[in-house]
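Notes for the structure review
Chain by chain, the residues run as shown.
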Amino acid sequence: MLDKLQAVADRYEKISELLCDPDVTNDTKRLRELSKEQSNMQETYDAYQEYKQVMEQHESAKSMLAEKLDDEMRELVKMELEELSERKEQLEERLKVLLLPKDPNDDKNVIVEIRGAAGGDEAALFASDLFKMYTRYADMQGWKTEIMEASESDLGGFKEIIFMVKGNGAFSKLKYESGAHRVQRVPETESGGRIHTSTATVAVLPEAEEVEVDISEKDIRVDTFCSSGPGGQSVNTTKSAVRLTHIPTGIVVSCQDGKSQNSNKEMAMRVLRARIYDKIRQEEEAKYASERKSKVGTGDRSERIRTYNFPQSRVTDHRIGLTLHKLDQVLAGDMDEIISALTIATQAELMEQAQ
C-alpha cells in the first residue's frame, strides 16, 4: 500500500511542477487535463501526507517511552500514543478505500431515463414522482438538469421522460439508481381505498463523448415527424421531431421537446451516443460480473432494487437490506443516506476482492 501511495504522491508533485511550466499553461487542453488529474488525486495525497505525519509522531512517542520519564509525563505520552494509534488505523482504512480502482465514468454527466412500467396511469404518476425526486436531489448537489424528451400521460404523469444531469460526480452517485422501482400506495383513481403496486424503470447512462463512441453517419437512419402531446394529438404542423435509428444495434431514439429539428437531432444524438456507450459498457461488465456476485446489483433495469411504501412511510433498498422510515424526505430529494450506504457496500465488496 505504501508503494502505491508514494507513487500517487510522486505523480501529484510532478503535476504541480508541470502546472508551473509555461509550455503547459499556454496549452489549454493539457492544462485542463493535468488540473483534473491532480484534483482527482488531492484527497489521497492529503490523507497520505497526514498519515506520514502521524507515523512520525507515533515513532517519536514510542521513543520517548524508552527514556526515563516521571510518572505524570509517562502517562501523557501513553495517552498521546493511544490517540496516534487510533488515528493511524483510521487513516489506513481511509487510504485503502481511496486506493480502490475508480470507475472511469464517475465524474461524467448522466442521462437518466425513467419509464412507467406495470400499473398504467399510476405507474406514469410514479415515474413523475421519481423525476421530481432526482431533480430535487440534483438541486441539493448543485447540479443542473435538462429535459431532453418527455411523453406525458393523460393524468399528468410520464409514460417516459429522459433528462440530463450535469455536475461533477453525477454518475458516481446516480449510477446506483438503475433498475426497477416499486411503489405501494392507494392511487388517486382508487375509490375503494385499496393499495396498488406499480413499477417504473430507471436507467442511468454516463454521457459519452464523441471520441469514446464513433458513430458513422451511414449507420444512422433519420426520420422526422410532427411533435405530439398527451394522447398522441399533433401539437404542430412542422416536422421538428426527430427519430434516429442506429442500424447496427437497432437502438432507436426520438426527441421532440426541442425548439427546432436541429436541436432535437442534437439531443437525440447525445442520447443515442450514451445508449451505445452503455451497451458496450454493460457487455464488458457482464463478462466481469460472471466471475463474481455483486451485492449492489448489475444495474439492469429489470432488476427490482427499491420499494416505496406509502402506508408505512417506508423506503427499502433490496440490494443492501436498508430500510428507512422517511419516505417524504427521500421523495423530496434527501437521498444521501441511501446513496452513501450503497457506496460503502460497493467499496466493501471491492476491498474484499482486493484481498
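Below, the structure is looked at part by part. (Residues numbered from 1 in each chain as written. Predicted model: local features only at pLDDT ≥ 70, side-chain atom pairs only at ≥ 80, totals over all residues. Heavy atoms only, no water.)

**Description of helix α4 (residues 71-98)**
When the terminal C-alpha atoms of α4 are compared, their 40 Å separation across 28 residues agrees well with the 40 Å that a helix rising 1.5 Å per residue should span. Taken together, the buried positions of α4 are occupied by Val-77, Leu-81, Leu-84, Leu-91, Glu-92, Leu-95 and Leu-98. Lining the buried residues of α4 we find α1 (2-18) and α3 (28-65). (Helix = DSSP H or I, 4+ residues; strand = E, 2+ residues; numbered from the N terminus. Expected span 1.5 Å × (residues − 1). Buried < 20%, exposed > 50% of the residue type's maximum accessible area, 1.4 Å probe, protein only. Contact = heavy atoms within 4.5 Å.)

**Structural notes on the pairing of strand β10 (residues 314-317)**
Here β10 shows two buried faces, one formed by Arg-314 and Thr-316 and the other by Val-315 and Asp-317. Judged from the four bridges that link them, strand β9 (residues 304-309) and β10 form a sheet pairing that is antiparallel. Each bridged residue has a counterpart across the sheet, and for Asn-309 the counterpart in β10 is Arg-314. The loop that links β9 with its antiparallel partner β10 comprises four residues; one of these, Ser-313, has a positive phi angle of about 50°. The pairing of β10 with strand β11 (residues 322-324) spans three bridges and is antiparallel. What sits directly across from Thr-316, in β11, is Thr-323. The loop that links β10 with its antiparallel partner β11 comprises four residues; one of these, Gly-321, has a positive phi angle of about 70°. (Pairing = 2+ DSSP bridges.)

**Observations concerning α3**
Along its 38 residues, α3 runs 54 Å from first to last C-alpha, staying within 8% of the 56 Å computed at 1.5 Å per residue. At Gln-42, α3 shows its largest kink, close to 45°. The complete set of buried residues in α3 reads Leu-34, Gln-38, Met-41, Thr-44, Tyr-45, Ala-47, Tyr-48, Tyr-51, Val-54, His-58 and Ala-61. Where α3 is buried, its residues touch α1, α2 (22-25) and α4. (Bend = angle between axes of the 7 residues up to and from the residue.)

**Here's the deal with the environment of Ile-147**
Locating Ile-147 in the fold gives a position in strand β2 (residues 144-152). Through-space distance from the C-alpha of Ile-147 to that of Val-112 is 9.6 Å; in sequence the pair is 35 residues apart. Excluding residues that lie within four positions of it along the chain, Ile-147 makes contacts with Phe-131, Ile-161, Ile-162, Phe-163, Asp-257 and Met-267.

**So, the packing of α1 against α3**
At a closest axis distance of 8 Å, the pairing of α1 and α3 adopts a crossing angle of 135°. Taken as axis vectors, α1 and α3 run oblique relative to one another. Regarding α1 and α3, the two cross each other, and that crossing is left-handed. Each of Leu-2, Leu-5, Gln-6, Val-8, Ala-9, Arg-11, Tyr-12, Glu-13, Ile-15, Ser-16 and Leu-18 in α1 lies in contact with α3, whose residues at this interface are Arg-30, Leu-34, Glu-37, Gln-38, Met-41, Gln-42, Thr-44, Tyr-45, Tyr-48, Gln-49, Tyr-51 and Lys-52. Split into classes, the residues belonging to the contact of α1 with α3 amount to twelve nonpolar, six polar and five charged. (Axes fitted to C-alpha atoms, helices over the stretch in contact; angles between N-to-C directions. Parallel < 35°, antiparallel > 145°, perpendicular 65-115°, else oblique. Left-handed = near helix turned anticlockwise from the far one by under 90°. Nonpolar A, V, L, I, M, F, W, Y, C, P; charged D, E, K, R; others polar.)

It is worth stressing that arrangement in space is one thing and function is another; only the former is reported here.
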